[in-house]
Amino acid sequence: MFYIYCPYCGEHREEEEFHPKGQAHIERPKEPEACSDEEWGDYLFFRDNPRGVHHEMWVHAVGCRKFFNVTRHTVSYEILETYKMGEQPSITADSQGPSREAAAVSQKEGVRA
Amino acid sequence: MQRYSGFGLVKHALSHHENWERQWRNPTPKKQYDVIIVGGGGHGLATAYYLAKEFGVKNVAVIEKGWLGGGNTARNTTIVRSNYLWDEAAALYEHAMKLWEGLSQDLNYNVMFSQRGVLNLGHTLQDMRDIQRRVNANRLNGIDGEVLDAKGVQELVPIMDCSKNARYPVMGASWQPRAGVARHDAVAWGYARGADAHGVDILQQTEVTGFKIRDGQIYGVHTNRGDIEAKTVGCVAAGNSSVLAKMGGFNLPLESHPLQALVSEPIKPILDTVVMSNHVHGYISQSDKGDLVIGAGIDGYNGYGQRGSYPTVEHTLQAIVEMFPIFSRVRMNRQWGGIVDTCPDACPIISKTPVKGLYFNCGWGTGGFKATPGSGHVFAASLAKGEMHPIAEPFSMFRFHSGALIDEHGAAGVAH
Amino acid sequence: MSNAATFDTRTDTAIPVESPLAYSYRHSGAPRAGSSSRLQLRERAMLGHLILRGGAIVLDEAVRDVLGISLPGQPQALVQDASGERSIQWLSPDEWLVIVPGGEEFPLETQLRERLGDAHFAISDVSGGQTLLELSGEAARELLMKTVVYDVHPSNFPVGKGVTTVFAKATTILRRPSEERWELVVRRSFADYCYRWLLDAAAEYDVNVQP
Ligand SMILES: Cc1cc2nc3c(=O)[nH]c(=O)nc-3n(C[C@H](O)[C@H](O)[C@H](O)COP(=O)(O)OP(=O)(O)OC[C@H]3O[C@@H](n4cnc5c(N)ncnc54)[C@H](O)[C@@H]3O)c2cc1C
Ligand SMILES: [Zn+2]
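Chain C is annotated in an unreviewed UniProt entry as Sarcosine oxidase subunit gamma from Vreelandella nigrificans.

If you check an unreviewed UniProt entry, chain B appears there as Sarcosine oxidase subunit beta from Vreelandella nigrificans. Regarding chain B, the UniProt comment filed under Subcellular location (unreviewed entry) reads as follows: "Cytoplasm".

Chemist: Explain the overall build of chain C to me, please; I cannot follow it from the model alone.
Modeler: Scanning chain C for helices and strands turns up 5 helices and 11 strands. Here chain C has a C-alpha radius of gyration of 18 Å; the compact-globule value for 211 residues is 17 Å, and the two agree. Overall size of chain C, expressed as C-alpha extent along the three principal axes, is 55 × 45 × 30 Å. Going through the 211 residues of chain C one by one, you find that 49% of them count as buried. A separation threshold of at least 6 residues defines the contact pool for chain C, and within that pool the share at least 24 residues apart is 66%. For chain C, the exposed surface amounts to about 9,800 Å²; the carbon and sulfur share of it is 50%. Side chains of chain C carry 21 positive and 28 negative charges; the gap between the two charge centres is 4 Å.

Chemist: What exactly am I supposed to notice about empty space enclosed by the protein here?
Modeler: Take a probe with the size of a water molecule and roll it over the atoms, and the empty space left behind shows itself. Residue and element names in this part refer to chain C. Summed over the entire model, instances satisfying the criterion amount to 6 cavities of 30 Å³ or more. Among the secondary structure elements, those contributing two or more residues to the lining of the largest cavity are strand S3 (78-80) and strand S9 (170-178). Across the lining of the largest cavity, the residue classes break down as 5 nonpolar, 3 polar and 4 charged.

Chemist: In this structure, what is going on with the interface of chain A and chain B? I would like to understand it.
Modeler: By convention, interface size is frequently given as the accessible area that disappears when the constituent parts associate. In this assembly, 29 residues from chain A lie in contact with 31 residues from chain B. Of the roughly 2,600 Å² buried where chain A meets chain B, counting both sides, 56% is carbon and sulfur surface. In terms of surface lost to chain B, no three residues of chain A exceed Phe45, Phe46 and Asn49 of chain A, which account for 26% of the buried area on that side. Summed over the shared surface of chain A and chain B, the number is 15 residue pairs in polar contact (both at pLDDT 80 or more).

Chemist: Explain the coordination of the zinc ion (ligand 2) to me, please; I cannot follow it from the model alone.
Modeler: Any two of four tetrahedral donors ideally make an angle of 109.5 degrees at the metal, while pairs among six octahedral donors ideally make 90 or 180 degrees. Residue and element names in this part refer to chain A. At this site the zinc ion (ligand 2) is bound by Cys6 (SG), Cys9 (SG), His60 (ND1) and Cys64 (SG), with donor distances of 2.0 to 2.5 Å. Classification of the site at the zinc ion (ligand 2) rests on its 4 donor atoms, whose angles at the metal span 104 to 116°, yielding the label tetrahedral. Each donor residue of the zinc ion (ligand 2) belongs to the same chain, and together they define the spacing C-x2-C-x50-H-x3-C. For His60, a relative accessible area of 0% translates into the label buried.

Chemist: Sorry, what's going on with the packing of helix H2 (residues 56-67) of chain C against helix H3 (residues 105-116) of chain C here?
Modeler: Each pair of packed helices can be summarised by the angle the axes make with each other and by the distance between the axes. All names here are of chain C. At their nearest, the axes of H2 and H3 sit 9 Å apart, and the two run at 130° to each other. One element, H2, and the other, H3, form an angle in the oblique class. The handedness of the crossing between H2 and H3 comes out as right-handed. Contacts from Val58, Leu59, Glu61, Ala62, Val63, Asp65, Val66 and Leu67 of H2 reach H3 at Leu108, Gln111, Leu112, Arg115 and Leu116. For the contact of H2 with H3, the class distribution of residues is 9 nonpolar, 1 polar and 3 charged.

Chemist: For this particular structure, what's the right way to read the UniProt feature "domain: Rhodanese" (unreviewed entry) in chain B?
Modeler: UniProt annotation of "domain: Rhodanese" (unreviewed entry) refers to residues 35-79 of chain B when read in the numbering used here. This span, residues 35-79 of chain B, is 29% helix and 20% strand, and a straight line between its end C-alpha atoms measures 30 Å.

Chemist: What exactly am I supposed to notice about the state of the cysteines here?
Modeler: As used here, a disulfide is simply a covalent bond connecting the sulfur atoms of two cysteines. All names here are of chain B. Applying the stated criterion to the full structure yields 0 disulfides over all chains. Between Cys362, a cysteine without a disulfide, and Cys343, which holds the nearest cysteine sulfur, the sulfur-to-sulfur distance is 7.2 Å. Residue Cys362 is classed as buried on the basis of its relative accessible area of 0%.

Chemist: Got a minute to help me understand the sheet that holds strand S13 (residues 255-266) of chain B in this structure?
Modeler: Note: strands within a sheet are paired through backbone hydrogen bonds, in either parallel or antiparallel orientation. Residue and element names in this part refer to chain B. Spatially, S5-S6-S4-S14-S15-S16-S13-S17 is the arrangement adopted by the 8 strands of the open sheet, whose pairing is mixed. Looking at strand neighbours, the two that pair on one side only are strand S5 (146-149) and strand S17 (332-342), the edges of this open sheet. Strand-to-strand twist in this sheet, taken as the mean axis angle between neighbours without regard to direction, amounts to 20°. Across 4 bridges, the pairing between strand S15 (residues 282-286) and strand S16 (residues 291-298) is antiparallel. If you follow Gln286 over to S16, its bridge partner there is Leu292.

Chemist: It is not clear to me how the interface of chain C and chain A should be interpreted in this structure. Could you clarify?
Modeler: Counting from both sides, the interface comprises 18 residues of chain C and, opposite them, 12 residues of chain A. Summed over both partners, the interface of chain C with chain A comes to about 1,200 Å²; 46% of that surface belongs to carbon and sulfur atoms. Salt-bridge contacts for Asp94 of chain C lead to Lys66 of chain A; the nearest nitrogen and oxygen are separated by 3.0 Å. Listed by contribution, the elements that provide at least two residues to the side of chain C that touches chain A are strand S4 (87-92) and strand S8 (161-167) of chain C. It is S8 of chain C that provides the largest number of residues to the side of chain C that touches chain A, a total of 5 residues. The residue inventory of the side of chain C that touches chain A, partitioned by class, reads 8 nonpolar, 5 polar and 5 charged.

Chemist: I tried to follow the pairing of strand S14 (residues 274-277) of chain B on my own but got confused; where do I start?
Modeler: Moving residue by residue along a regular strand, the side chains alternate between the two faces of the sheet. All names here are of chain B. Residue alternation in S14 divides its side chains into two sets, Val274 and Met276 and Val275 and Ser277, and both sets are buried. Direction of pairing for strand S4 (residues 118-122) relative to S14: parallel, over a ladder of 4 bridges. Among the inter-strand pairings, Asn120 is bridged to a residue of S14, identified as Met276. The pairing of S14 with S15 spans 3 bridges and is classified as antiparallel. Its bridge partner lying in S15, Ser277 is registered against Gly282.

Chemist: Just to check I follow, could you spell out the layout of surface pockets for this structure?
Modeler: One number sums up the size of the largest pocket: a volume of about 1,500 Å³. Lining of the largest pocket is provided by 42 residues; of these, Glu16 of chain A, His315 and Gln318 of chain B together with Ala168 and Lys169 of chain C occupy positions nearest its centre. Elements with a minimum of two residues in the lining of the largest pocket: strand S3 (19-23) of chain A, S16 and helix H9 (310-323) of chain B together with S9 and helix H5 (188-202) of chain C. Ranked by residue count, the leading element in the lining of the largest pocket is H9 of chain B, at 8 residues. Looking at the lining of the largest pocket residue by residue, the class counts come to 21 nonpolar, 12 polar and 9 charged.

Chemist: Is there a simple way to explain the environment of Gly226 of chain B in this structure?
Modeler: Looking at the element boundaries, Gly226 of chain B is found in strand S11 (residues 226-229). Along the backbone, Gly226 of chain B and Thr209 of chain B are 17 residues apart, and their C-alpha atoms lie at a distance of 9.8 Å.

The rules behind each value
- Residues numbered from 1 in each chain as written.
- Chains lettered and ligands numbered in written order.
- Predicted model: local features only at pLDDT ≥ 70, side-chain atom pairs only at ≥ 80, totals over all residues.
- Heavy atoms only, no water.
- UniProt positions renumbered as here; feature names shortened; annotations may be inferred.
- Helix = DSSP H or I, 4+ residues; strand = E, 2+ residues; numbered from the N terminus.
- Rg over C-alpha atoms; globule rule 2.2 N^0.38 Å.
- Buried < 20%, exposed > 50% of the residue type's maximum accessible area, 1.4 Å probe, protein only.
- Contact = heavy atoms within 4.5 Å.
- Areas by Shrake-Rupley, 256 points an atom, 1.4 Å probe, with all protein chains shown as cover.
- Lys, Arg positive; Asp, Glu negative; His and termini not counted.
- Charge placed at Lys NZ, Arg CZ, Asp CG, Glu CD.
- 1 Å grid on protein atoms, 1.4 Å probe; cavity = no way out; pocket = protein on both sides within 12 Å on 5 of 7 lines; lining within 4 Å.
- Points joined across faces, edges and corners; volume = space filled by probe spheres on them.
- Nonpolar A, V, L, I, M, F, W, Y, C, P; charged D, E, K, R; others polar.
- Buried area = accessible area lost by both parts, 1.4 Å probe.
- Polar contact = N/O pair within 3.5 Å; in protein donor to acceptor, adjacent residues only side chain to side chain.
- Donors = N, O, S within 2.8 Å, 3.2 Å for Na, K, Ca; no water.
- Tetrahedral: all angles 85-135°; square planar, octahedral: opposite > 155°, others 65-115°.
- Axes fitted to C-alpha atoms, helices over the stretch in contact; angles between N-to-C directions.
- Parallel < 35°, antiparallel > 145°, perpendicular 65-115°, else oblique.
- Left-handed = near helix turned anticlockwise from the far one by under 90°.
- Disulfide = S-S within 2.5 Å.
- Pairing = 2+ DSSP bridges.
- Salt bridge = Lys/Arg side-chain N within 4 Å of Asp/Glu carboxyl O.

Here is the structure:
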C-alpha cells in the first residue's frame, strides 16, 4: 500500500487516488523519420526494468490530475522521493547504496524474489 | 528412477512408506556442462527434461537461486488453455496443450491436469464479436472452441449471475472444453524428477551473478558457488530476466510487475469449470482441495517484491462478487504475489540474443504456466540445434525492432 | 475580450430543469426523519459551477475585481465571500472551481472574459455536469470516514479545506465550508450511485434528506 506525496497537492495521499504511468524521463526522438528501426523500437518498447532504484511517472488521477515523478525502490517499494515534471531526481541508483530496507525484505522473504 | 504405480504404493505401505527414493539428487556443481539452464521454474526444468530425453543432451545443469518452482510456477492460478488469436501464438500454446494431454504418463508423475474447460465471458457486443473472431481463428488452427450465448453459459455455471440486472450482463462466452487446470508444483517436481533421471544436475540455492563472455560468445556463468562453464546457456528466469539480460550487456523489452492471486477457505465442490472475464476483470476456479482460486490483473507499477497492494485485491474480489454473488461471504485464506515479466505485445520472447550461445526464454508475463511443456520443448530443440525451432522463431526479441509483433492482448486480457 | 464562443445555458426559463438527482429522488425516495436524526443531507441544486484554468496571478486579479474574493493560491484551499454563497476552491496548480448562486454563472463568465482579455486562460461552465450535496449533523464525519479514502479528522481537515478524492470508488470533491457542514460535489454520471450509497451508509444515523 502506497502513501504518496503529491508534489502539486503538497500532501501525502492514498494509493487509490493515483495511477502509475511507466518509466520517467523518456524523450521522444526529435526526428522520428530520421530514426533507425533500432532507435525507434528502443524508444517504443525498451524500458529500464531495474531491480532497485527506479524513476517512474505517476498521475494524481483522482486528485489534481497532474503527472509527476517518483523515485522508488522496486524491491522494498520504498518511495525515496517525488518531484515535479521537468525536474531531475536527486536520488539515483548511483547515489544510493543498496537500501537497508530492501535488504531486509530480501532476507525476510527467504528466497530473493 | 523409481517408477510410481498403484502396485508401488501398496508395496511401500508394507514398509510404512519409509523407503521412498528422493525424487532428485542434490549434486555438487561440475566445472563444466554442455548446456546451462538458468532458472528452475517449470519452463527451465521442462527445457532440461526435453534436452536430455529427446535431444540427447544429457550433460545439463539447471541453476536455481531459490528452490524449484519457487518463482511464478508455484504462485500461479494454473489455468491452461490454447485459444489464442494469432497463428504464431496458437501454434505455440496448442503445441503445449498436446503435450499436457499426455504429460502425467510421460513423466510418470500425476500433474493433475484436469480438462474441465475454460469460459471467457463476453459482456458487450464488441466482446462477443471479438470472441467470435477468436473462436473462428482457433477452429481454423485446429483448436477446439465454441461460442456460447448467455443461456449456454448459465447452463454450464448455474451459480453465476447471468441475469439482465447484472452491472455488466453476461452476453455469452467462448468455451474451450479441452482447457482446464493442472497442479503447479507437481509440474515442476515431475519435470525435475524426469530430468534428474536422465542425468541433469539440478543445482538449487545457486544464484547466477554474471556471465562469462569472450568475443561475443558465452562460455560460462558466475555463481555464488563458483564459476561453471558451458558454451550454451538458456535463461528462463521470468520476472528476473531483465536483470540477467543486463549482466549480458543488452536490454529486453520487459517490465516486471507484481501479479497477485488469492485462495479462499475450502468449500464443497461448487464450480467445476474455469470462468474468466476480461471485462468485469477477474477469474476463478475451484481446486480439488475445495478452495476458490482467484486472480485478476497486475499492479500497474514495476516491482520485484513478490507482493502487490490492497486496492488490486479489492478490485479483484469486487469482480468476483459481481459475477458470483453467492461467494460474497466466502472468506479468503491466503494472498500472494509473483513477479511477472510483461512484454509489450503480450507474447513471450524465445530467442537468440546479441551474445552468441546465450538464449532467453521469458516475457510470459501473466500467462506462461499453460505453455510450460511446449515452451520447454521448443526451447530445448533450439538449444540442442543452435537454431530456433520453427514454432519459437516468430518469438524473437528482435521483433521489437522489425515491427513483427504478435498482439495477444485480447486473448491474454485478464492476467491468468 | 477573448473570441471564445460563449453560451448561456439558462436562456429559456420555461423549460423545466432537473437536478442530476431528480431521477434518484423518484426511484430511491428522500427519507424524512424525526428529531432523532443524526445526519442531514441537503442538495443545493442548480448552482452555477465554473472551472477556471490559467496562471494564478492573472486569474487572481480578475477574480478579485469581478467577484471580490481572492483566488486561493495554496493547495486544497477553499475561500468564500462573506455571505458564504460564493466560493472558490483550488483543484490543481492551474485550476479552480467557482460556485455561485444559480443564474449568476453566465454573467460572471462574461465579466471574467472581458476582464481577462487576451490572457492565456480557460473558463468552462460545468453547472449541468455536477451537483452539490451538503452533509451536516453529528454523524457527518463518521459517514465520511467509511466512505472516502481521505483523512477527515479535524486536525487534517480544518474548515476552509477542500480536496478531490475517492468516494466509494467514485471521484468527488469534498470540502468543509464551516464547522458543522461538509460539502460534496458529485458528477452527474455518478450522482445516483453516490446518493444511493449515502442513503445506505447513513441509514444507521436515521438520515434526513432535503431534496
Ligand atoms: C499470481 C499469478 C497467477 C498466474 N496465473 C497463471 C495462469 O492461470 N495460467 C498461466 O498460464 N500462467 C499464469 N501465470 C504466469 C505463470 O506463472 C508464468 O508465466 C510461468 O509460471 C513462468 O514459468 P517460469 O518457469 O518461466 O518462471 P518461474 O517459475 O518464475 O521460474 C524462474 C526461476 O528463475 C529463478 N532465477 C531468477 N534469477 C535467477 C538467477 N540469477 N540465478 C538463478 N536462478 C534465478 C527464480 O528463482 C525462479 O525460480 C501466473 C503468474 C502469477 C504470478
Ligand atoms: Zn496532486
